[in-house]
Amino acid sequence: MKALLLVDIQNGFCPGGNLPVPNGDEIVPIANRLIESGKYDLIVASQDWHPPKHGSFASSHAGKQPFELGTLSGKPQMMWPDHCVQGTADAELHPDLKMGKIDLILQKGENPNVDSYSAFRDNDQDALTGLADFLEGQGVTDLDVCGLATDYCVKFSALDATEMMSGMRVRFIEDASRGITPEGVMEAIDEMRGRGIDIITSRQALDG
Ligand code: VGL
Ligand code: ZN
């Protein structure tokens, strides 16, 4: 059983959004080819879905600017611009994404006091989203992960996929993902590879 996890392909992370990932929108046609390939038994999309004044927003902390390091619930936290606020256009999945074949849209980041990069659990690794149990319950053995941003939500989702579901074969689709910084992307790829995640292209995913 093969599944595809599309991480946070939302307006907010595309050019024109509130936390734009450089060239983030370029992955939409690639994601659509994967969605329509018939290679996947199950397709899940995650959606960063913050309440207004979420604790990861610099604007929630006096004197903090976006992209500075701050603290949230006593832990180091990157301060982000306000982004993906529930019910706003910024939080919507990219309008060109082929939504019809997505089986589940999973929202995360709703707790104002903790950030949630991974689609599987909050950053404090406390609250689970239920995605791991869902995928295991569906008999998924192979999970391909791609989306935005490689150095944050994609990386943490892929790492948790290997950590939380024993025996899951996880692959990261590099060209179907974009990151916030080139250094962050290189580190994320090294880290994923080091944890046994295969780094592949969409061509390999489509042919394989
Ligand atoms: C993300 C930063 C803050 C992501 C979400 O989707 O990678 N990054 N919230
Ligand atoms: Zn966020």
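Computed from a predicted structure; not experimentally measured. (Residues numbered from 1 in each chain as written. Chains lettered and ligands numbered in written order. Predicted model: local features only at pLDDT ≥ 70, side-chain atom pairs only at ≥ 80, totals over all residues. Heavy atoms only, no water.)

Points about the coordination of the zinc ion (ligand 2)
Phase 1 of the analysis: Ligation of the zinc ion (ligand 2) by protein atoms is provided by D48 (OD), H50 (NE2) and H83 (NE2), these donors lying 2.0 to 2.2 Å from the ion.
Phase 2 of the analysis: Sequence spacing among the residues donating to the zinc ion (ligand 2) works out to D-x1-H-x32-H. With H50 in the loop between strand 2 (42-48) and strand 3 (69-72) and H83 in the loop between strand 4 (75-78) and strand 5 (104-108), the pair connects residues that are 33 residues apart, well separated along the chain. For the pair H50 and H83, a shared accessibility class is recorded, and that class is buried. (Donors = N, O, S within 2.8 Å, 3.2 Å for Na, K, Ca; no water. Helix = DSSP H or I, 4+ residues; strand = E, 2+ residues; numbered from the N terminus. Buried < 20%, exposed > 50% of the residue type's maximum accessible area, 1.4 Å probe, protein only.)

Points about the packing of aromatic side chains
Phase 1 of the analysis: Scanning all chains against the criterion turns up five aromatic pairs.
Phase 2 of the analysis: Taking the centre distance of 5.9 Å and the plane angle of 90 degrees together, the rings of F67 and W80 count as edge-to-face. Here the residue F67 occupies a position in the loop between strand 2 and strand 3, and W80 occupies one in the loop between strand 4 and strand 5, the gap between them amounting to 13 residues.
Phase 3 of the analysis: Relative accessible area serves as the criterion here: at 47%, F67 is assigned to the partly exposed category.
Phase 4 of the analysis: Looking at W80, the relative accessible area reads 4%, which means it is buried. (Phe/Tyr/Trp six-rings, centres within 6.5 Å; stacked < 30°, edge-to-face > 60°.)

Overview of the nonpolar core
Phase 1 of the analysis: Within the largest apolar cluster, 63 residues are counted, with the highest numbers of intra-cluster contacts made by L6, L135 and L143.
Phase 2 of the analysis: The element best represented in this core is helix 1 (residues 27-35), accounting for six residues. (Core = buried A, V, L, I, M, F, W, Y, C linked by side-chain atoms within 4.5 Å.)

Quick look at the site of ligand 1
Phase 1 of the analysis: Lining the immediate surroundings of ligand 1 are D8, F13, L19, D48, W80, H83, Y117, L148, A149, Y152 and C153.
Phase 2 of the analysis: Contact distances for ligand 1 include 3.3 Å between an oxygen atom and a backbone N or O atom of L148.
Phase 3 of the analysis: C153 places a polar main-chain atom, nitrogen or oxygen, 3.1 Å from an oxygen atom of ligand 1.
Phase 4 of the analysis: Here the residues of the shell around ligand 1 are counted per class, giving eight nonpolar, one polar and two charged. (Near = heavy atom within 4 Å. Polar contact = N/O pair within 3.5 Å; in protein donor to acceptor, adjacent residues only side chain to side chain. Nonpolar A, V, L, I, M, F, W, Y, C, P; charged D, E, K, R; others polar.)

A look at the pattern of salt bridges
Phase 1 of the analysis: Counting across every chain of the model gives 13 salt bridges.
Phase 2 of the analysis: Residue E26 pairs with R178 through a salt bridge whose shortest N-O separation is 2.8 Å. Here E26, found in the loop between strand 1 (2-7) and helix 1, pairs with R178, found in strand 7 (residues 169-178); they are 152 residues apart in sequence, far enough to count as distant.
Phase 3 of the analysis: For E26, a relative accessible area of 38% gives the class partly exposed. (Salt bridge = Lys/Arg side-chain N within 4 Å of Asp/Glu carboxyl O.)

Read these as geometric descriptors, not functional statements.
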